[in-house]
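Architecture and fold: a report
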Amino acid sequence: MTPTLAGMQVYEPQIEKVLISAAEIQAKLAEMGERITADYQGRRLLLVGVLKGAFVVMADLARYIRLPLEFDFMAVSSYGAATKTSGVVRILKDLDHDLDGMHVLLVEDIVDSGLTLNYLLKNLRGRKPASLEVATLLNKVGLQKVPLDLRYVGFEIPPEFVVGYGLDFDERYRNLPYVATLKPEAYGG
Ligand code: IMP
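Residues numbered from 1 in each chain as written. Predicted model: local features only at pLDDT ≥ 70, side-chain atom pairs only at ≥ 80, totals over all residues. Heavy atoms only, no water.

**Comments concerning the site of the ligand**
Condition: A cutoff of 4 Å decides nearness: a residue is near a molecule or strand if any of its heavy atoms lies inside that distance of it. Under the rule applied, a polar contact is a pair of N or O atoms within 3.5 Å (in protein, one hydrogen donor and one hydrogen acceptor; residues adjacent in sequence only if both atoms are side-chain atoms). Note on areas: Shrake-Rupley with a 1.4 Å probe; residue coverage comes only from the protein chains shown.
In the vicinity of the ligand, 16 residues are found, and the nearest of them are Asp112, Ser113, Gly114, Thr116 and Val162. A distance of 2.7 Å is found between an oxygen atom of the ligand and a backbone nitrogen or oxygen belonging to Gly114. One of the backbone N or O atoms of Val162 is found 2.6 Å from a nitrogen atom in the ligand. Here the ligand loses 85% of its free accessible area of 490 Å² to cover by the protein chains.

Following this line, the structure appears as structure tokens:
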């Protein structure tokens, strides 16, 4: 299932350092999928992805979960500078599902300040799901402005701006199969 690196050379001049390789990501998602499979036996599981970044994590993670499950997506926008979150969240696309009786697992690519996630959790909790937990591939250490209970965390990473595996800078790099930092000149436009 590991995507090939062929064709990614086009991004290479901008990459500073690969923090997490494609193989490491897949191994971790397989592990998370095993835990989720064990924890959600016999429950009606709904994976909720936050667009756009989470779609890559969700696609791979879902295939490591050996249970019947359903997908839904939300799109949000946070106002503020390109590489910082302001915490003000606007829902651009809401869920199609009614959450009543569903076991909801919110899938995130990255938790940074946690403000976006905090807002979403409050919002989803208000819809009375049977349970609500979070699975995130990346968690930036030391940056959370609000206490969050993250049930499944792939990797703790330093507080640097990263791209790849769904994460973008200016809408680019989402299709990199690994997580990397960019050279300073890549931000120059
Ligand atoms: P938070 O509200 O600060 O936790 O950040 C939420 C969103 O900001 C994430 O879902 C990402 O879309 C974006 N974000 C935060 N850190 C990064 C990063 O290092 N690279 C790319 N996007 C990021």
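**Side note on the environment of Gly49**
For the record, the criterion: Comment: elements are numbered from the N terminus, with helices defined as DSSP H or I runs of at least four residues and strands as E runs of at least two. Accessible area is worked out with a 1.4 Å probe on protein chains only. A residue is then buried under 20% of its type maximum, exposed over 50%, and partly exposed in between. Residues count as neighbours in contact if any of their non-hydrogen atoms are within 4.5 Å of one another.
Tracing the backbone through its elements, the reader meets Gly49 in strand β2 (residues 45-51). Look at Gly49 and you get buried, because its relative accessible area is 0%. Considering only alpha carbons, one finds Gly49 and Phe71, 22 residues apart in sequence, at a separation of 7.7 Å. In this view, Gly49 contacts Ala54, Met58, Asp72, Phe73, Met74 and Val107; residues no more than four positions away in its chain are not counted.

**A closer look at the nonpolar core**
Inclusion rule: Take the buried Ala, Val, Leu, Ile, Met, Phe, Trp, Tyr and Cys residues and link them wherever side-chain atoms come within 4.5 Å; each set so joined is a nonpolar core.
The biggest cluster of nonpolar side chains holds 29 residues, and the ones touching the most others in it are Leu29 and Leu138. Elements supplying a minimum of two residues to this core: α1 (22-39), β2, α2 (54-62), β5 (103-111), β6 (131-140) and β7 (152-157). Beyond its immediate chain neighbours, meaning those up to four positions away, Leu29 contacts Val57, Asp60, Leu61, Tyr64, Leu137 and Tyr165. Formed by 22 residues, the second largest nonpolar core is a distinct cluster that contains Leu95, Val104, Val111 and Leu115.

**Topic: unusual backbone geometry**
If a residue is not glycine, its phi is most likely negative; likewise, a peptide bond is most likely trans. The residue after Leu51, namely Lys52, is reached through a cis peptide bond having omega 0°. As for its position among the elements, Lys52 is in the loop between β2 and α2. Although it is not a glycine, Lys128 adopts a positive phi angle of roughly 55°. According to the relative accessible area criterion, Lys128 is exposed, its value standing at 61%. Within the chain, Glu171 stands out as a residue other than glycine whose phi angle is a positive 75°.

**Description of the packing of α1 against α2**
For any two helices packed against each other, the geometry is given by the interaxial angle and the distance between the axes. Filter applied, for reference: A fitted line through C-alpha atoms serves as each axis, taken over the contacting stretch for helices, and the angle formed by two N-to-C directions is quoted from 0 to 180°. Working definition: roughly parallel below 35 degrees, roughly antiparallel above 145 degrees, roughly perpendicular at 65 to 115 degrees, and oblique for all remaining angles. Take the far helix as the reference: if the near one is turned anticlockwise from it by less than a right angle, the crossing is left-handed, and if turned clockwise, right-handed. Amino acid classes used here: Ala, Val, Leu, Ile, Met, Phe, Trp, Tyr, Cys and Pro are nonpolar; Asp, Glu, Lys and Arg are charged; the rest, including Gly, are polar.
Where α1 meets α2, the axes come as close as 9 Å, and the angle between the chain directions of the two elements is 60°. With respect to α2, the element α1 is oriented oblique. Crossing hand, α1 versus α2: right-handed. Contacts between α1 and α2 involve Gln26, Leu29, Met32, Gly33 and Ile36 from the former and Val57, Asp60 and Leu61 from the latter. Residues that form the contact of α1 with α2 fall into these classes: 5 nonpolar, 2 polar and 1 charged.

**Here's the deal with the environment of Gly142**
Within the element layout of this structure, Gly142 appears in the loop between β6 and β7. Between the alpha carbons of Gly142 and Pro159 there is a distance of 7.4 Å; along the sequence they are 17 residues apart.

On their own, these measurements won't tell you what the molecule is for.
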